[in-house]
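Residues per chain, in single letters:
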Amino acid sequence: MKLPIFMDYHSTTPVDPRVLEVMLPYFSEKFGNAASRNHSFGWEAEKAVTLSREQIARLINCDPKEIIFTSGATESDNLALKGVAEMYRQKGNHIITAVTEHKAILDTAKRLEKEGAEVTYLPVDKDGLIHPDEVEAAITDKTILISIMLANNEIGVIQPIAEIGRIAKEKGVLFHCDATQGVGKVPVDVQAMGIDLMSFSAHKIYGPKGIGGLYVRKKNPRVRLAAMMDGGGHERGMRSGTLNVPGIVGLGMACEICEKEMETETKRLNEMRLKLQRHILKELDEVYINGHPEKRLAQNLNISFAYVEGESLLMGLNEIALSSGSACTTATLEPSYVLRALGIGSDLAHSSLRFGIGRFNTDEEIDYVGKRVVETVKRLRDMSPLYEMAKEGIDLKSVQWTQH
Amino acid sequence: MSYSNKVIDHYNNPRNVGSLDKNDKEVGTGVVGAPECGDVMKLQLKISGGVIEDARFKTFGCGSAIASSSLATEWVKGKTLDEAFQIKNTEIVNELNLPPVKIHCSVLAEDAIKAAIADYKKKNE
């Protein structure tokens, strides 16, 4: 086993060697511009791009022509929200989203609010789930778009997308899904789920950084978008710019591997997560799993360890790459807004760790991480005044703390 | 967040972790911070004849908070109450090379020293 161990697969993933292999020729000998229609270099590039569209289309059950390539999911989210807001301005100005969405959605929504849009931010329950009836209740005659993520990047909770999609169809409202953390990990079918626009990214699924896509429905209904990037009219005029052919080739291959291996990989990673979870729960008291226990990604475990602070935990586990909801890991000094939205107190939000298990983790690594987490939490609890007070039977909620 | 070697050393080998009997008349206890803010420090001083004989801490917080309180226990030992009262958070910042975002950790350590001294004085009025 090699150190350091990477267990932060929600942040990014290494490129799968099989993906890298198919990409390499497109940097050098097959370097053509996919938009060059009059020579073999261009045709070769276009052919590769077409294959990638087909590989993606198979994974999400759409027509290959419905894929718009972008630089990644942040751009896709921006294009979906801003593009719809501008194109459908005559129809209305109301957008529905949720408080636990990624910042690429929330910050884009805030920008649109400044420009006159009305945005409803739906709450989530204590498990992090959105209730479809609340989506329905929020729809007005001005609503032009619902944007709900498939799987949450912090707590891995999977939203009831098909039910929300059905409501959107009934009400004639467009439905965008930020599926960045879900595509390739759970089955996605844009037809069955009633999705009209969907963002995804290669680097979350063992493809390269800097490439992603937006699925844009072509019929029933035909979705139109105002372009954010003007230029040569690439990608059905929705996203100009020379195509990143090596990236696109990598994204396609990454999707193909996910499609073929999803079932066995999910099963394997789920067992690894449960093993880690069992070990931690057996060895430590007062640990809390954040997010719904079952409706979540197999790869995600988010746990709060009461009475110890997340950043100091990470410091004690510095040979393991993890992330924390602790404020101290951010510039804002605010703990995770996702955990706060679940009604989790700031104290427990500060005490959380996110484990993102992925393709290249091994059972041996899971055992090692479990052992090290338990030992570090115990060590820090031994020096935690809060743990000491709790053990003495003092109710921490009743203590007059000095705020600072 | 990258830490200075001194912060890492205090985190890995914290000095004077533990508790003293808070009911002892010679022990002053200071608890500062709040769990919601992500850091709570408990600092205890054992004082005899106006001199700090011993010090213990327990801290809930990031590595810089642990290091600041660990350093504070080292610095106060052997000092008179007046000398300990003069310790400034900026001295802790300099010693540990704390970045601006972690200055509040040093403030907390200074507050903890002052709170422990105040507790001792109140007990022995």
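In this text the structure is predicted, and so the values were computed from the model without any measurement. (Residues numbered from 1 in each chain as written. Chains lettered and ligands numbered in written order. Predicted model: local features only at pLDDT ≥ 70, side-chain atom pairs only at ≥ 80, totals over all residues. Heavy atoms only, no water.)

S.K.: An account of the overall build of chain B is needed here, citing residue identities and associated values.
M.R.: Helix and strand counts for chain B come out as five helices and three strands. The C-alpha atoms of chain B give a radius of gyration of 14 Å, which matches the 14 Å a tight globule of 125 residues would have. In terms of overall dimensions, chain B has a C-alpha envelope of 45 × 30 × 20 Å along the principal axes. Out of the 125 residues in chain B, the part that is buried amounts to 51%. Contacts in chain B between residues far apart in sequence, at least 24 positions, make up 61% of those at least 6 positions apart. Summed over all atoms, the accessible surface of chain B reaches about 5,100 Å², with 49% contributed by carbon and sulfur. (Helix = DSSP H or I, 4+ residues; strand = E, 2+ residues; numbered from the N terminus. Rg over C-alpha atoms; globule rule 2.2 N^0.38 Å. Buried < 20%, exposed > 50% of the residue type's maximum accessible area, 1.4 Å probe, protein only. Contact = heavy atoms within 4.5 Å. Areas by Shrake-Rupley, 256 points an atom, 1.4 Å probe, with all protein chains shown as cover.)

S.K.: Can you tell me about empty space enclosed by the protein, naming the residues and giving the values?
M.R.: Overall, the coordinates contain two cavities of 30 Å³ or more when judged by the stated rule. For the largest cavity, the calculated volume is near 70 Å³. Residue composition of the lining of the largest cavity, grouped by class: six nonpolar, four polar and two charged. Size it by volume and the second largest cavity reaches roughly 40 Å³. When grouped by side-chain class, the residues that make up the lining of the second largest cavity number five nonpolar, four polar and one charged. (1 Å grid on protein atoms, 1.4 Å probe; cavity = no way out; pocket = protein on both sides within 12 Å on 5 of 7 lines; lining within 4 Å. Points joined across faces, edges and corners; volume = space filled by probe spheres on them. Nonpolar A, V, L, I, M, F, W, Y, C, P; charged D, E, K, R; others polar.)

S.K.: How would you summarise the pairing of strand β13 (residues 352-356) of chain A if you had to cite specific residues and measurements?
M.R.: All names here are of chain A. Counting buried residues along β13, five of its five residues qualify, which places the element largely inside the surrounding structure. Burial along β13 is two-sided: S352, R354 and G356 and L353 and F355, pointing in opposite directions, are all buried. In this sheet, β13 lies alongside strand β10 (residues 300-305) in antiparallel orientation, the contact comprising five bridges. Directly across from I303, in β13, lies its bridge partner L353. Pairing between strand β12 (residues 323-324) and β13: two bridges, direction antiparallel. Within β13, the residue paired with S323 across the bridge is R354. (Pairing = 2+ DSSP bridges.)

S.K.: Explain the packing of aromatic side chains to me, using residue names and the numbers behind them.
M.R.: All names here are of chain A. Taken as a whole and assessed by the stated rule, the structure comprises five aromatic pairs over all chains. Aromatic pair F6 and Y9: ring centres 5.0 Å apart, planes at 75°, arrangement edge-to-face. A relative accessible area of 30% places F6 in the partly exposed class. Note on Y9 and Y206: the rings are 6.0 Å apart at their centroids and 50° apart in plane angle, and the pair reads as tilted. Here Y9, found in the loop between β1 (5-6) and α1 (17-23), pairs with Y206, found in the loop between β7 (197-201) and β8 (212-216); they are 197 residues apart in sequence, far enough to count as distant. By the burial criterion, Y9 is buried, and Y206 matches it. In textbook terms, an aromatic cluster arises when at least three aromatic residues are bridged by ring pairs, as seen for F6, Y9, Y206 and F360. (Phe/Tyr/Trp six-rings, centres within 6.5 Å; stacked < 30°, edge-to-face > 60°.)

S.K.: Just give me the short version of the nonpolar core, but keep the residues and values in it.
M.R.: All names here are of chain A. Residues I60, F69, I146, I195, M198 and L251 are the most contacted members of the largest nonpolar core, which totals 66 residues. Among the elements that line this core, the one with the most residues is helix α7 (residues 245-283), at ten residues. Two domains each donate at least three residues to this core, and these are domain 1 (5-9 + 262-393) and domain 2 (17-258). Here F69 is in contact with V49, S52, R53, I56, I211, G212, G213, E235, R239, L243, I248 and L251, once residues within four sequence places are set aside. (Core = buried A, V, L, I, M, F, W, Y, C linked by side-chain atoms within 4.5 Å. Domains from an automatic or database assignment.)

S.K.: Go over a nonpolar patch on the surface with me, naming the residues and quoting the values.
M.R.: Taken together, the side chains of V15(A), L20(A), L24(A) and F27(A) present a nonpolar region at the surface, about 350 Å² in accessible area. The residue F27(A) is located in the loop between α1 and α2 (40-60) in this model. (Patch = residues over 30% accessible without salt bridge, like charges linked within 9 Å, V, L, I, M, F, W, Y side chains within 5 Å. Salt bridge = Lys/Arg side-chain N within 4 Å of Asp/Glu carboxyl O.)

S.K.: Any details on the layout of surface pockets? Residues and values, ideally.
M.R.: All names here are of chain A. There is about 710 Å³ of room inside the largest pocket. Around the largest pocket, the lining is made up of 39 residues, and of these H102, K103, N153, E154 and Y337 lie nearest the centre. Taken together, the elements giving at least two residues each to the lining of the largest pocket come down to α3 (73-87), α4 (103-114), β12, α9 (337-341) and β13. Partitioning the lining of the largest pocket into residue classes produces ten nonpolar, 22 polar and seven charged.

S.K.: Residue-level account of the domain arrangement of chain A, with values.
M.R.: Residues and elements named next belong to chain A. Domain assignment breaks chain A into domain 1 (5-9 + 262-393) and domain 2 (17-258). For domain 1 and domain 2, the distance between their C-alpha centres works out to 30 Å. Contacts between domain 1 and domain 2 engage 24 residues on the former and 31 residues on the latter. Taken together, the two surfaces of domain 1 and domain 2 that pack against each other cover about 2,300 Å², and 59% of this comes from carbon and sulfur. Linking domain 1 with domain 2 are zero salt bridges. Applying the counting criterion to the domain 1 and domain 2 interface returns twelve residue pairs in polar contact (both at pLDDT 80 or more). The greatest single-element share of the side of domain 1 that touches domain 2, amounting to four residues, is contributed by α9. (Buried area = accessible area lost by both parts, 1.4 Å probe. Polar contact = N/O pair within 3.5 Å; in protein donor to acceptor, adjacent residues only side chain to side chain.)

S.K.: Outline the environment of G210(A), supporting the account with residue identities and numerical values.
M.R.: All names here are of chain A. As for its placement among the helices and strands, G210 is situated in the loop between β7 and β8. A relative accessible area of 40% places G210 in the partly exposed class. Put simply, G210 and I248 are 38 residues apart on the chain and 9.6 Å apart in space, counted from C-alpha to C-alpha.

S.K.: Give a description of the sheet that holds strand β1 (residues 27-34) of chain B that names residues and reports values.
M.R.: Residues and elements named next belong to chain B. Ordered in space as β1-β2-β3, the three strands form an open sheet in which the pairing is antiparallel. Each of the sheet's edge strands pairs with one partner strand only, and the pair in question is β1 and β3 (51-60). Each strand of the sheet is rotated relative to its neighbour by a mean of 15°, with strand direction disregarded. Strand direction decides the pairing type here: strand β2 (residues 39-48) and β3, joined by nine bridges, are antiparallel. Residue pairing across strands places L43 opposite F57, the latter belonging to β3. Running at roughly 175° to β3, helix α2 (residues 63-76) makes contact with β2 and β3 of the sheet. (Axes fitted to C-alpha atoms, helices over the stretch in contact; angles between N-to-C directions.)

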